[in-house]
Amino acid sequence: MKRIPASFLPPIALDYRSNTPMYRQLYDWFRRAIIRGQMRPGQRVPSTRSLAAELEISRIPVLNAYEQLLAEGYFETFVGAGTCIARSIPDDKLSPPAVKARKGLQEIVEKRGPRRTSRRGAALTHLPAQSWLDNLGAFRVSLPALEHFPIGIWSKLVARHSRRPARGIMAYGDAMGYLPFREAIAEYLGAVRGVRCEASQILVTTGSQQALQISAQVLLDPKDRVWMEEPGYPGARQAFMTVGAHLIPVRVDHDGMNVEEIIRRGRDARAVYVTPSHQYPMGMTMGATRRMLLLNSATRSGVWVIEDDYDSEYRFGSRPIASLQGLDTDERVIYVGTFSKVMFPALRLGYVVVPKELLAAFSAARDAADIFSSTLYQAVLTDFIREGHFARHIRRMRMLYMDRRKALVEAIQCQMGDMLEIIGAEAGMHLVALLPAGTDDVAVSRKAAQKGISAMPLSTCYLKQPARSGLILGYGGANAHQIHDGIRKLKMSVESR
């Protein structure tokens, strides 16, 4: 059994004025710690000499306490490893001794008050278990091809900054982010996404989810209305729910979010959330006419537009579509992006392009969240971008994902052509497959999860009951063999519904 270093010993409290002998206090403390699980079987305890020195007492009471604990089976010794908590302790010794009530002592209150949480907190805990997220094989949504990441180059850049890190990398950082990194992001967004911004407008976040959370905190009050795509990204829905916003679904069609419906319904709203370049999850692109209609409507009504540009780098049929933010002349768009899909999710770096009048509020909200993101990885990614590795990696991944998308489409058509209808296979890292009418997509997803397949149910992206259920199938992190095997298992899951 692996033993834990003695350095993790919980603090020992001794009463130097008590009439209870010191060895007995030590014995009682260790016994309670073992019974309560504070110290685990196999965990090393300090030597009697070091513990006596730490507690500033004589070594004799420590020796006496250890001897008693050894005799009763709480401790055991190992050759070359010192004294450890016994790996096997009798059950009767793990039962705390009964405490008799005494007069004059305060009675323990048997009746406890309620453990209250907010209504928003309770709503979050009632979300259904997402078993389809437990697997990292086919068809985990948003998972990139990690085996093709240039880890050798990345490791060298990490070593470059870790070997002799500058003081600024190790100290507290700016809430807005590492300035050279923000400059690199601004240059990249301007060249590739048509975003109009300065480095001073870039706020670095811990992924796009935190960007959405901060946007919600800054822009929304409880009961404020937010227009949401239907279906739409569940993470955005959760971010807005945590601030008590009232979400209003707006259906999407072949041209993206139906802006005409927003204008026709005419209710006052504070914000609209949209994924115009690659609608999540259906995959269509919002056309130029509808984009301008949305921006003009936002300018007239004073609505903030939150643009989530989550994986627009990967288009297969045409060049990447320019951002909505680049068309904005009234600074109404808050532009959100992430490196989780183009790099790797554990990097936890994203960004927000903030309108100038909101910079102070966004910076304060970022500082209140967790102060700043890892400066080390911001510095490493800065070099990765500026030395050309980032652009080369995106080009390679675009070709790879195009091949994997093709393999997935062919596998579906070959094995499940009569069961699934493919939607949105022209961009990104996933596609939607509609199931036969009346199929419970959550039940199918759970059965697939039991077979090691991650197939996200489409219905979880809806605020209202969907007209038809389906599955969201990610192909970024699955090779051709995993894709074909995954479809075979998915077919079994659908047939056994």
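Before reading further, recall that the structure is shown in the block above.
It should be emphasised that the depicted structure is a prediction, and the values quoted were computed from it without experimental measurement.

A.B. asks: Is there a simple way to explain the overall build of the chain in this structure?
C.D. replies: Secondary structure summary: the chain contains 17 helices and 14 strands in total. Structurally, the chain occupies a C-alpha span of about 85 × 55 × 55 Å along its principal axes. Taken over 497 residues, the chain has a buried fraction of 51%. In the chain, the proportion of contacts linking residues at least 24 apart, taken out of those at least 6 apart, comes to 73%. Accessible surface, the chain: about 25,000 Å² in total, of which carbon and sulfur atoms supply 51%. Positive and negative side-chain charges in the chain, numbering 66 and 48 respectively, have mean positions lying 5 Å apart.

A.B. asks: Could you clarify how one ought to interpret the nonpolar core in this entry?
C.D. replies: If you look at soluble globular proteins, the nonpolar side chains tend to sit buried side by side. The biggest cluster of nonpolar side chains holds 60 residues, and the ones touching the most others in it are Trp154, Phe339, Met343, Leu381, Leu473 and Leu490. The greatest single-element share of this core, amounting to 11 residues, is contributed by helix α15 (residues 389-416). Setting aside anything within four residues of it in sequence, one finds Leu473 in contact with Phe139, Leu408, Ile412, Met429, His430, Leu431, Ala433, Ala455 and Leu490. In this structure, Leu212, Val226, Met228 and Ile334 belong to the second largest nonpolar core, which totals 28 residues.

A.B. asks: Help me understand the packing of aromatic side chains in this model?
C.D. replies: Two descriptors summarise a pair of aromatic rings, namely the distance from one centre to the other and the angle between the planes of the rings. Scanning the model with the defined rule gives 19 aromatic pairs in all. Pairing Trp154 with Phe384 gives two aromatic rings, centres 5.7 Å apart and planes at 75°, and the pair type is edge-to-face. Pair noted here: Trp154 is in helix α6 (residues 151-163) and Phe384 is in helix α14 (residues 375-386), with a separation of 230 residues, a long-range link. Judged by its relative accessible area of 5%, Trp154 is buried.

A.B. asks: For this particular structure, what's the right way to read the environment of Gln482?
C.D. replies: As for its placement among the helices and strands, Gln482 is situated in helix α17 (residues 480-495). Relative accessible area serves as the criterion here: at 31%, Gln482 is assigned to the partly exposed category. Separated by 29 residues in sequence, Gln482 and Ile453 place their C-alpha atoms 9.7 Å apart.

A.B. asks: Help me understand the sheet that holds strand β12 (residues 430-434) in this model?
C.D. replies: Strand pairing in a sheet is mediated by backbone hydrogen bonds. Such pairs are either parallel or antiparallel. Spatial strand order, β11-β12-β14-β13: four strands in an open sheet with antiparallel pairing. Across the chains shown, the open sheet's two edge strands, defined by having one partner strand only, are β11 (421-423) and β13 (456-457). Note that β12 and strand β14 (residues 470-474) share five bridges and pair antiparallel. Across the sheet, the residue bridging to Ala433 is Leu471, located in β14.

A.B. asks: When you look at the packing of helix α8 (residues 179-193) against α14 in this model, what are you seeing that I'm missing?
C.D. replies: Close contact between α8 and α14 brings their axes to 9 Å; oriented N to C, the two are set at 35°. In terms of crossing hand, the pair formed by α8 and α14 is left-handed. Residues Pro180, Phe181, Glu183, Ala184 and Glu187 of α8 form the contact with α14, whose own contacting residues are Gln378, Leu381, Thr382, Ile385 and Arg386. Considering only residue class, the contact of α8 with α14 consists of five nonpolar, two polar and three charged.

A.B. asks: Even after reading the chapter, I still don't get unusual backbone geometry, so can you show me in this structure?
C.D. replies: Keep in mind that most residues, glycine aside, have a negative phi and that most peptide bonds are trans. Looking along the chain, the bond that leaves Glu230 and enters Pro231 is cis, with omega of 5°. Its location among the elements puts Pro231 in the loop between β4 (225-230) and α10 (234-241). With an omega of 10°, the peptide bond between Tyr280 and Pro281 qualifies as cis. Along the chain, Pro281 falls in the loop between β7 (271-274) and α12 (288-301). In this structure, Ser142 takes a positive phi of about 70° despite not being glycine. Among the structural elements, Ser142 can be located in the loop between α5 (119-125) and α6. Phi at Arg348 is positive, roughly 55°, even though this residue is not glycine. Relative to the elements of secondary structure, Arg348 occurs in the loop between β9 (333-338) and β10 (350-353).

Conventions we followed
- Residues numbered from 1 in each chain as written.
- Predicted model: local features only at pLDDT ≥ 70, side-chain atom pairs only at ≥ 80, totals over all residues.
- Heavy atoms only, no water.
- Helix = DSSP H or I, 4+ residues; strand = E, 2+ residues; numbered from the N terminus.
- Buried < 20%, exposed > 50% of the residue type's maximum accessible area, 1.4 Å probe, protein only.
- Contact = heavy atoms within 4.5 Å.
- Areas by Shrake-Rupley, 256 points an atom, 1.4 Å probe, with all protein chains shown as cover.
- Lys, Arg positive; Asp, Glu negative; His and termini not counted.
- Charge placed at Lys NZ, Arg CZ, Asp CG, Glu CD.
- Core = buried A, V, L, I, M, F, W, Y, C linked by side-chain atoms within 4.5 Å.
- Phe/Tyr/Trp six-rings, centres within 6.5 Å; stacked < 30°, edge-to-face > 60°.
- Pairing = 2+ DSSP bridges.
- Axes fitted to C-alpha atoms, helices over the stretch in contact; angles between N-to-C directions.
- Left-handed = near helix turned anticlockwise from the far one by under 90°.
- Nonpolar A, V, L, I, M, F, W, Y, C, P; charged D, E, K, R; others polar.

These values are about where atoms sit, not about what they do.
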